[in-house]
Amino acid sequence: MSEKKRSSKNLKINTRIVITSALTIIIPIILIVTFSTVLVSFISSYFNFSTVTTNSYSTINQIQWSQTLGSITDTLSADSEESEKLEAVKGIAQPLEEIGSMIYIEQNGRDFYSTEKGNQVLEKAQELIGVHTDENINYFGDNGLVIINHAKSGGSTYLVMIVNDDYTVSDATQKLEPKDFTNLLLGRTGIIVLIIVLLFVIAMVVLSSITSSTIVKPIKKIAKGADEIARGNLDYEIDYKSTNELGQTVDSFNEMRKRLKTSIEKQTKAEEERKELIAGIAHDVRTPLTSAKGYAQGLLDGIADTPEKQRLYLTTICSSIDDTEKILDDLLAISKIQLKGYRLNKENIPIREFVEDGAVEIGTTLEAQGMDFQYSITCDEGTIVSIDPDAFSRVIRNIISNSIKYVRDDVKGKVEMYLREYDKSVILEISDNGIGVEKKSLTKIFDAMYRIDPARTKVSQGSGIGLSVCKQIVELHGGLIWASGSSSGGLSIFISLPKKEILE
């Protein structure tokens with residue numbers, strides 16, 4: 001059988017909570033990193049950081065100047081031909097010159113590149129702010145812009161000077177207009193932020209859905225199962241298979257339901273049997289009492305007017321009383337057993353001697369009924385069993401009594417008894433050639449009040465609890481009792497008892 005595959009459904013609740021908590025932290029981090037990467041790429045493209053686009057001061061403009069100046073110094077510091085550097089500088093300088101900027105680059109004190117003559121650029125810088133060419137300057141003022149920087153490449157030293165007198169710095173107290181705020185929200189940045197927010201919401205919804213499907217749904221199923229059982233529907237089974245805590249809870253719940261159903265069924269069956277037992281006992285007791293009352297009334301009325309009739313009437317009355325006493329005796333015995341009030345007085349007895357002594361009494365009883373009897377014992381004299389002699393004698397008497405009661409009318413009755421020894425037990429078999437029992441009823445004859453005669457008209461043929469008493473007593477001895485059809489067409493009863501010890 002293949003090993004059960006691992007499934008997310010089988011994850012423990014603690015594991016689910018840890019995973020959910022981790023994802024709650026990881027997903028926003030991933031989204032923020034993604035957003036930052038996209039935003040930086042978008043800003044670089046949208047605001048064109050690679051070159052200056054305006055003469056008005058802003059954070060973006062300052063970044064543009066920094067990027068542009070960095071491009072110039074990187075070009076000058078590169079290990080390439082002078083001509084290549086000059087062409088590259090011209091390409092960078094052109095957009096700056098288009099917005100009115102003047103650029104002067106000096107290499108080792110000689111002109112390298114200049115929009116105007118170098119002294120004119122320097123003079124313009126001096127007009128805007130006092131400068132020293134050996135210092136780096138980044139001046140952004142309302143009257144203009146001055147940038148001075150230096151670069152080195154091999155044995156060359158470069159001076160970079162950028163001047164623009166058409167540069168303004170906006171009032172820091174200027175407020176953002178509503179339309180500008182709207183444009184920001186509806187612009188590309190606003191759209192990106194909105195997308196990130198939507199992704200975050202979707203991620204949380206997905207996590208909530210997973211949590212709901214793996215934890216909340218099983219709990220709802222358990223709650224529904226509890227409601228169904230509360231309504232008395234013990235056939236309802238919770239459909240959830242998993243190896244985690246919820247799955248184990250569901251399995252325990254379903255098992256509890258099955259046991260509850262079985263318990264109720266047993267209780268219902270026991271109640272029905274109890275009612276049947278009471279009804280049967282009442283019927284069986286009434287029959288001999290009615291008979292005894294009828295014959296007693298006959299004596300009082302003088303119907304039995306001869307000594308012979310009177311003796312017959314009295315004999316019948318005594319027989320009816322004996323039947324009633326047997327019924328009540330069996331009923332008392334089984335009641336004590338069921339109420340755990342029946343106590344065995346066990347003794348270690350040689351089973352061969354016990355059966356031989358009993359065989360003498362059985363032979364006498366059967367002979368008086370006109371029946372044949374024979375027995376066979378294949379058991380050592382020293383084989384010991386632990387039994388209550390009186391209780392076990394009662395078992396044998398009840399079985400023999402049944403053989404007498406159910407004898408066939410057209411065949412002489414016969415009873416055979418065998419005692420056999422095995423490694424761990426001894427088995428006593430009592431067989432007769434009576435009317436027998438149908439195969440389907442063999443397992444029922446040890447039930448209380450079960451009797452082959454469903455009309456219950458022949459009380460002399462037993463109360464229906466004799467074999468039930470036998471079963472209870474044998475099981476109290478730790479033994480087993482069962483029945484099968486005999487070779488002569490009657491019934492065979494088997495009793496197995498554990499051996500106690502072997503006497504030497």
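Residues numbered from 1 in each chain as written. Predicted model: local features only at pLDDT ≥ 70, side-chain atom pairs only at ≥ 80, totals over all residues. Heavy atoms only, no water.

Enquirer: How should the overall build of the chain be read in this particular structure?
Expert: Along the backbone of the chain there are 11 helices and 12 strands. Per-residue burial for the chain yields a buried fraction of 36% across its 504 residues. Contacts spanning at least 24 positions in sequence make up 63% of the contacts within the chain whose residues lie at least 6 apart. For the chain, the accessible surface area stands at approximately 30,500 Å², while carbon and sulfur atoms represent 54% of it. (Helix = DSSP H or I, 4+ residues; strand = E, 2+ residues; numbered from the N terminus. Buried < 20%, exposed > 50% of the residue type's maximum accessible area, 1.4 Å probe, protein only. Contact = heavy atoms within 4.5 Å. Areas by Shrake-Rupley, 256 points an atom, 1.4 Å probe, with all protein chains shown as cover.)

Enquirer: What am I meant to see in the packing of aromatic side chains here?
Expert: Aromatic ring pairs: the centre-centre distance and the angle between the two ring planes describe each pair. Counting across every chain of the model gives 7 aromatic pairs. Here Tyr295 and Tyr313 contribute two aromatic rings whose centre-to-centre distance is 4.8 Å and whose plane-to-plane angle is 90 degrees, an arrangement assigned as edge-to-face. Here Tyr295, found in helix H7 (residues 245-300), pairs with Tyr313, found in helix H8 (residues 307-338); they are 18 residues apart in sequence, far enough to count as distant. Between the aromatic rings of Trp482 and Phe494, the centroid separation amounts to 5.5 Å while the plane-to-plane angle is 10 degrees, which identifies the pairing as stacked. Of the two residues, Trp482 sits in strand E11 (residues 480-485) while Phe494 sits in strand E12 (residues 491-502), which places them 12 residues apart along the sequence. Following the ring pairs from residue to residue traces out a cluster consisting of Tyr57, Phe140 and Tyr167. (Phe/Tyr/Trp six-rings, centres within 6.5 Å; stacked < 30°, edge-to-face > 60°.)

Enquirer: Would you mind going over empty space enclosed by the protein with me for this structure?
Expert: If a probe the size of a water molecule is rolled over the atoms, the empty space left behind becomes visible. Applying the stated rule across the entire model yields 1 cavity of 30 Å³ or more. For the largest cavity, the full set of lining residues is Ile351, Val355, Phe392, Leu419, Val426, Leu428, Ile495 and Leu497. Elements supplying a minimum of two residues to the lining of the largest cavity: helix H9 (351-368), strand E10 (425-432) and E12. Of the residues assigned to the lining of the largest cavity, the class counts are 8 nonpolar, no polar and no charged. (1 Å grid on protein atoms, 1.4 Å probe; cavity = no way out; pocket = protein on both sides within 12 Å on 5 of 7 lines; lining within 4 Å. Points joined across faces, edges and corners; volume = space filled by probe spheres on them. Nonpolar A, V, L, I, M, F, W, Y, C, P; charged D, E, K, R; others polar.)

Enquirer: Is there a simple way to think about the confidence of the model for the chain in this case?
Expert: Reading predicted coordinates in detail is not appropriate for stretches of low pLDDT. The share of residues in the chain with pLDDT of 70 or more is 79%, and the mean pLDDT across the chain is 79. Within the model, pLDDT remains below 50 along residues 1-6, and this stretch shows 3 contacts once partners closer than five positions in the same chain are excluded. A low-confidence stretch, residues 453-463 stays under pLDDT 50, and its non-local contacts, those more than four residues away or across chains, total 27 contacts. (pLDDT = per-residue confidence, 0-100.)

Enquirer: Please explain a nonpolar patch on the surface as it appears in this structure.
Expert: On the surface, Leu194, Ile195, Leu198, Leu199, Ile202, Val206 and Ile210 cluster together into a nonpolar patch covering about 620 Å² of accessible area. Structurally, the position occupied by Leu194 is in helix H6 (residues 188-230). (Patch = residues over 30% accessible without salt bridge, like charges linked within 9 Å, V, L, I, M, F, W, Y side chains within 5 Å. Salt bridge = Lys/Arg side-chain N within 4 Å of Asp/Glu carboxyl O.)

Enquirer: I tried to follow the pairing of strand E4 (residues 144-153) on my own but got confused; where do I start?
Expert: Along any regular strand, the residues point their side chains to alternate faces of the sheet. The buried fraction of E4 is high, at 8 of 10 residues. Note that strand E3 (residues 137-141) and E4 share 5 bridges and pair antiparallel. Paired with Tyr139 across the bridge in E4 is Val146. The turn linking E3 back onto E4 is made up of 2 residues. Examined bridge by bridge, E4 and strand E5 (residues 156-164) share 9 bridges and lie antiparallel to one another. From the neighbouring strand, Ile148 faces E5, where its bridge partner is Met161. Following E4, the chain reverses through 2 residues before pairing antiparallel with E5; Gly154 in that reversal takes a positive phi of roughly 65 degrees. (Pairing = 2+ DSSP bridges.)

Enquirer: I keep staring at the side chain of Asn254 and nothing clicks. Help me out?
Expert: Checked against the element boundaries, Asn254 lands in helix H7. The class for Asn254 is buried, based on a relative accessible area of 5%. When sequence neighbours within four positions are dropped, the list of residues in contact with Asn254 reads Glu237 and Ile238.

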